[in-house]
Amino acid sequence: MLKSKTFLKKTRAGGVMKIVREHYLRDDIGCGAPGCAACGGAHEGPALEPQPQDPASSLCPQPHYLLPDTNVLLHQIDVLEDPAIRNVIVLQTVLQEVRNRSAPVYKRIRDVTNNQEKHFYTFTNEHHRETYVEQEQGENANDRNDRAIRVAAKWYNEHLKKMSADNQLQVIFITNDRKNKEKAVEEGIPAFTCEEYVKSLTANPELIDRLACLSEEGNEIESGKIIFSEHLPLSKLQQGVKSGIYLQGTFRASRENYLEATVWIHGDSEENKEIILQGLKHLNRAIHEDIVAVELLPKSQWVAPSSVVLHDEGQNEEDVEKEEERERMLKTAVSEKMLKPTGRVVGIIKRNWRPYCGMLSKSDIKESRRHLFTPADKRIPRIRIETRQASTLEGRRIIVAIDGWPRNSRYPNGHFVKNLGDVGEKETETEVLLLEHDVPHQPFSQAVLSFLPKMPWSITEKDMKNREDLRHLCVCSVDPPGCTDIDDALHCRELENGNLEVGVHIADVSHFIRPGNALDQESARRGTTVYLCEKRIDMVPELLSSNLCSLKCDVDRLAFSCIWEMSHNAEILKTKFTKSVINSKASLTYAEAQLRIDSANMNDDITTSLRGLNKLAKILKKRRIEKGALTLSSPEVRFHMDSETHDPIDLQTKELRETNSMVEEFMLLANISVAKKIHEEFSEHALLRKHPAPPPSNYEILVKAARSRNLEIKTDTAKSLAESLDQAESPTFPYLNTLLRILATRCMMQAVYFCSGMDNDFHHYGLASPIYTHFTSPIRRYADVIVHRLLAVAIGADYTYPELTDKHKLADICKNLNFRHKMAQYAQRASVAFHTQIPSLKIEDTVFHVFDKVKVKIMLDSSNLQHQKIRMSLVEPQIPGISIPTDTSNMELNGPKKKKMKLGK
C-alpha cells in the first residue's frame, strides 16, 4: 500500500515548490514471536523467545515482552543492557528518535539488538499497515510519536492473542512519561515506569542500582540548602552567545585543583581565548568536556591561576564553610600581569558525560545505601550513588554514570553500571585504562566481520587489474621483534643505467576495506591501533592485521608501491606510484638486518639490498638535519613478559640501531612523496599532517634545565634548536644530551591531521618539511587508508566516491583521528606507567637542580589502592633527617602481586 503526502515549500528565489513524499505500508512485517500463526512467524533479524520465562516480575507474573519508549532507551540503556533483561521490542519510531538524539546510545542499542542471546526485536511499525499513524492537525511530532508507540503496543497485545486460545503472552509498555502511561492504561495497555518494573524483579535486586535518577528535583538531598545558581535555559544561552553577552567554550577541569577550571572559547578570536574559573559557585556544576556558556567577570574580579594543589577529600555535603575556606586559599597576592580573564558558568549548552571508572568511597553510616564514588580521573567530581552492594563493591574498580546535578547537592547524582574487578589486577586495570581513554576495544561485531574475505583467500585475476606484478623483486621487511602486523617492506637494486631503484611497498589495506561498509565505519571510528605493554587493540580484525594485509615473507601479498629512481647521492630522479603484488623474501628484525649489513661474509641479494638502502638513508638523514629537522629522544621502554603468566619480569630502554633509522628515512620519504602527489591532484581534499611550531614560552623548561648546566639552547628556529641540542654535551654526564632531547619532546606541539582545503599552514616543524602525510601504516592508522584511496584515484587505480571529495566530511574524519591518536598515546603511556610505576620525585623542602645525580630506595605505597604510588627515599647525598642509612645497594620494585621486577639500565 502506498500513502502520499504533498506539501508546498518556498524556494530561496521566492517561488513555490511542490514536494510529494511517498510512504509504503506493508502487510508482511512479522511480529518477531516465533510460531506466531497470525503472521506465519515471519521476522527479520534476531527473534523474541516463544515463551519468555525471565525475568520473573511480581507486577506481571505471566510471560511477557517489553516495549520501551524513547526516553527509557535514552536514559535506562544500562538497565536494558543487563543480561537479566531479554525479549524487548524496539520500535522503528523509538530507534529513529534515539538516533537523532544520541549517537552513542544508538550504537549501544544496535549492539544489543545484534546480540542473539538478548532476543531484542526491531519492529518496523512505521511501515506496518496496522501500526502506522499519521500526524493529526494541531498535534506536535513528539505527541504523534507517543501515540504511534501506544498504537504499536496495543496492536501487539491484540495480535499475540491470536497465536493460540490459551496464550497468556503480554506486551508490557515501559515509559517514564506520566501522561503517556495514563493514556496507555486508559487504552487497556499494561504499562509501568521503568523503576516500577525493575523493582518488581525480585530475583534481580542488583538491577535497581543500575536505574538512572531522571528527575534532578526529585533527587535533591533532604533539606539541603541551595548551593549553585540556576542554569539559564538553552534558548537564552544561545541568544546570549549570539549577542556577545556570553561566551561559548569547552570546560576543562584541573587535575591538580578541584576548585579551578578553564574554558577554552570556541571561535577565531584570539582575545579571551581561555577563561579561568575559580570556586565551586563559578564552576556551577559543569563537568570536564561539557560545552558551556560563561559570563566574563569585570576586571576587578579577575584572578591568577592558583599554584595550590587541592584534591577533594569528600567532605560532608553541608560543610560549606570548609569549602569557602579552601577557596580563600586560592586567592594570593599577585601582580596585575599575572591576572587572567575570569568568568563563571551561567549554563550548559551540551553535556558530554560518559561512564566513569573509579572506586566506591563507602559511607561511614551503617546500613546506608548512599555512598560517594571517586572517579579515577581527578578532573571528574565525586558522584553520589545509591547501592545495596557497597560491601561487595568496596576495593573494586567499578563504572558509574552521571544522571544529573541538583542545585542543592555538593555532588552530582549517578548510578552503578558495572563491576570491573579487583584493584591492581592486570586485566581490571587494563580495562580501566582503555575505558578512561575512550579506546574502542570491544570484539568486532558480526556485521563488521561479514565484510572480511572468505578463507582460503588467494589473489585472483580481478585483483590484478590496474596492478603491477613485482614478485620478482628482492623485497624484505624490517620490524621490531614479534611484529605480526607488518605493513611496510623495502627493496633496492641497481639499474642498467647505473642509477638505483628504491621501493617502499605498503600493505594494500584499502583493497579489503571498501568505503562506507561496516568494516570501514568501524575502522574509521577506532582510528588507530593501540599498543599497550602486554596487548594490542587492533584497528582492523586480525584476519587482515596479522594475515592477509601483513607483508610476511614467502607469501604473495597485495601492496601499494612508491618507487623512486635515485642517484647514488640519494637525489630523486623519477617517482612512480603503483598498486602491486609482492612476495617478501625475508621478515627481519632490526638486529637481524643490522647483522647482515655489518657481516663481511654475507653478500646475498637481501644483504646487498639492505646495504644500498642503509647507505642512501644516511645521506637522506644528513640532508634532513641540515634543513633543520629535529632528532629527539623518547624514553621508550620494552617489557620482557613471562611466557605463561604474561606478567612483566624485566624492562629495558629501547635500543636504536642504524636499521631503525634506515626504515624511518624511507617511510618519511614515501610520506612526503605521496603528500605532494595527492595535493597536486586534490588541492582542496587531501588529507595531510602538519606539526605547528611551538610558542617560545613552551621552551622555558628546556632552556632553564640546560642553563643549570651552563649550556645554551637556542629556540628561534627548528634548525637553531637542532644545532644547539647537538652541541649540548657534558663530558662528566654522558646521558645529559639524551635527557635534554627527551625534555625537548615535551615542549613540542601535537602534530595533527587536517584537510588541505580547510587550512593554509601545511608545514611540519619537526621534520622541516613543507608538506607531509601518512601513507606507510594503513594496518594501524585509518588516515593512511584515506590517503591510499586518494592516491589510487590520482593514478587511476580505483574509483572515487562522494565522501572522498567532501572537505567538510574529511575535516570531521581528521577531528576524530586527532582525538583517537591523542588518546592512544595517553593510553600507551598509562600502560607503561602502570607496569613500571615510575613517578616524579619530591623530597620535602630540599631543592635539587635538574639532572643532579641521586641514589634512592624505591618502595610501593599501596595506601590509596586507586592511585598506587612509588615512594622514593633518599640514600645519597646524605641529608640529616631526610636521607636513610646506606644499608641497601639493591633497588627493587615490588609489583601489585609482590613479584620483584628488575629495573633495566
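Residues numbered from 1 in each chain as written. Predicted model: local features only at pLDDT ≥ 70, side-chain atom pairs only at ≥ 80, totals over all residues. Heavy atoms only, no water.

K.L.:
Sorry if this is basic, but what is going on with the pairing of strand E20 (residues 488-494) here?
P.N.:
Put simply, side chains in a regular strand alternate between the two faces of the sheet. Most of E20 is tucked away: five of the seven residues are buried. What sits between E20 and strand E21 (residues 500-507) in their antiparallel hairpin is a turn of five residues, with Gly498 showing a positive phi close to 90°. (Buried < 20%, exposed > 50% of the residue type's maximum accessible area, 1.4 Å probe, protein only. Helix = DSSP H or I, 4+ residues; strand = E, 2+ residues; numbered from the N terminus. Pairing = 2+ DSSP bridges.)

K.L.:
Is there a simple way to explain helix H4 (residues 103-113) in this structure?
P.N.:
Quick reminder: α-helices carry 3.6 residues per turn. Residues three or four places apart thus point the same way. Of the positions making up H4, those classed as buried are Val105, Tyr106, Ile109, Val112 and Thr113. For H4, the angular spread of buried residues about the axis comes to 120°, placing them on one side. More than 90 degrees from the buried face of H4, the exposed residues found are Ala103 and Pro104. Of the surrounding secondary structure, the elements contacted by the buried residues of H4 are helix H1 (70-75), helix H2 (77-81), strand E4 (88-91), helix H3 (92-101) and strand E5 (120-123). Measuring from the side-chain oxygen of the N-cap residue of H4 to the backbone nitrogen of Val105 gives 3.3 Å; that N-cap residue is Ser102. (Arc of directions from axis to C-beta. Contact = heavy atoms within 4.5 Å. Polar contact = N/O pair within 3.5 Å; in protein donor to acceptor, adjacent residues only side chain to side chain.)

K.L.:
Before we go on, may I ask you to explain the environment of Asn408 in this structure?
P.N.:
Among the secondary structure elements, Asn408 is positioned in the loop between strand E16 (396-404) and strand E17 (413-422). Once the C-alpha coordinates of Asn408 and Ile227 are considered, the two residues, 181 residues apart in sequence, prove to be 5.1 Å apart.

K.L.:
It is not clear to me how the side chain of Thr607 should be interpreted in this structure. Could you clarify?
P.N.:
Following the sequence through the fold, Thr607 ends up in helix H17 (residues 605-626). Among the residues examined, Thr607 registers a relative accessible area of 0% and is labelled buried. At 3.1 Å, the side chain of Thr607 forms a polar contact with the side chain of Arg596. Once you skip the residues sitting within four places of it in the chain, Thr607 turns out to touch Arg596, Ile597 and Met602.

K.L.:
Where do I start with the sheet that holds E17 in this structure?
P.N.:
Strand pairing within a sheet occurs via backbone hydrogen bonds; the two strands may be parallel or antiparallel. Spatially, the five strands close up into a barrel ordered E13-E14-E15-E17-E16, and their pairing is mixed. Pairwise comparison of adjacent strand axes, ignoring direction, gives a mean angle of 55° for this sheet. Alignment of strand E13 (residues 356-361) against strand E14 (residues 370-375), held across four bridges, turns out to be antiparallel. Bridge pairing in E14 places Leu360 opposite Phe373. Against the sheet, helix H12 (residues 426-436) makes contact with E13, E16 and E17, and its axis sits at roughly 140° relative to E17, the strand it touches most. (Axes fitted to C-alpha atoms, helices over the stretch in contact; angles between N-to-C directions.)

K.L.:
Where do I start with the packing of helix H18 (residues 658-681) against helix H22 (residues 782-794) in this structure?
P.N.:
For any two helices packed against each other, one specifies the inter-axial angle together with the distance between the axes. Two numbers describe how H18 lies on H22: the axes approach to 9 Å, and their chain directions differ by 60°. Classed by the angle they form, the pair H18 and H22 counts as oblique. When you trace H18 past H22, the crossing you get is left-handed. On H22, the residues touching Val674, Lys677, Ile678 and Glu681 of H18 are Val787, Leu790, Leu791 and Ala794. The residue inventory of the contact of H18 with H22, partitioned by class, reads six nonpolar, no polar and two charged. (Parallel < 35°, antiparallel > 145°, perpendicular 65-115°, else oblique. Left-handed = near helix turned anticlockwise from the far one by under 90°. Nonpolar A, V, L, I, M, F, W, Y, C, P; charged D, E, K, R; others polar.)

K.L.:
Sorry, what's going on with the nonpolar core here?
P.N.:
Generally speaking, nonpolar side chains in soluble globular proteins are found buried as a group. Membership of the largest hydrophobic core comes to 86 residues, with the highest contact counts inside it found for Leu544, Trp564, Leu610, Met662, Phe666, Leu687 and Phe775. Ignoring anything within four residues of it in the chain, the contact list for Phe775 reads Ile506, Phe560, Cys562, Ala670, Asn671, Val674, Arg781, Asp784, Val787, His788 and Leu791. Ranked by size, the runner-up nonpolar core spans 54 residues in total, among them Leu67, Val79, Val171 and Leu211. (Core = buried A, V, L, I, M, F, W, Y, C linked by side-chain atoms within 4.5 Å.)

K.L.:
Can you help me understand unusual backbone geometry in this one?
P.N.:
When glycine is set aside, most residues are seen to have a negative phi, and most peptide bonds are trans. With an omega of -5°, the peptide bond between Met455 and Pro456 qualifies as cis. Within the secondary structure, Pro456 sits in the loop between helix H13 (446-449) and strand E18 (467-469). At Asp438, a position not held by glycine, the phi torsion is positive, near 55°. Looking at the secondary structure, you find Asp438 in the loop between H12 and H13. For Ala570, which is not glycine, the phi torsion reads 65° and is therefore positive. Locating Ala570 in the fold gives a position in the loop between strand E24 (556-566) and strand E25 (572-583). Residue classification places Ala570 among the buried residues on the basis of a relative accessible area of 2%.

K.L.:
Could you clarify how one ought to interpret the packing of H3 against helix H5 (residues 141-160) in this entry?
P.N.:
In contact at an axis separation of 9 Å, H3 and H5 are set at 145° when each is read in the N-to-C sense. Counted together, Thr93, Val94 and Glu97 of H3 and Asn142, Arg144, Asn145, Ala148 and Ile149 of H5 form the full contact between these two elements.

Structural measurements only, silent on function.
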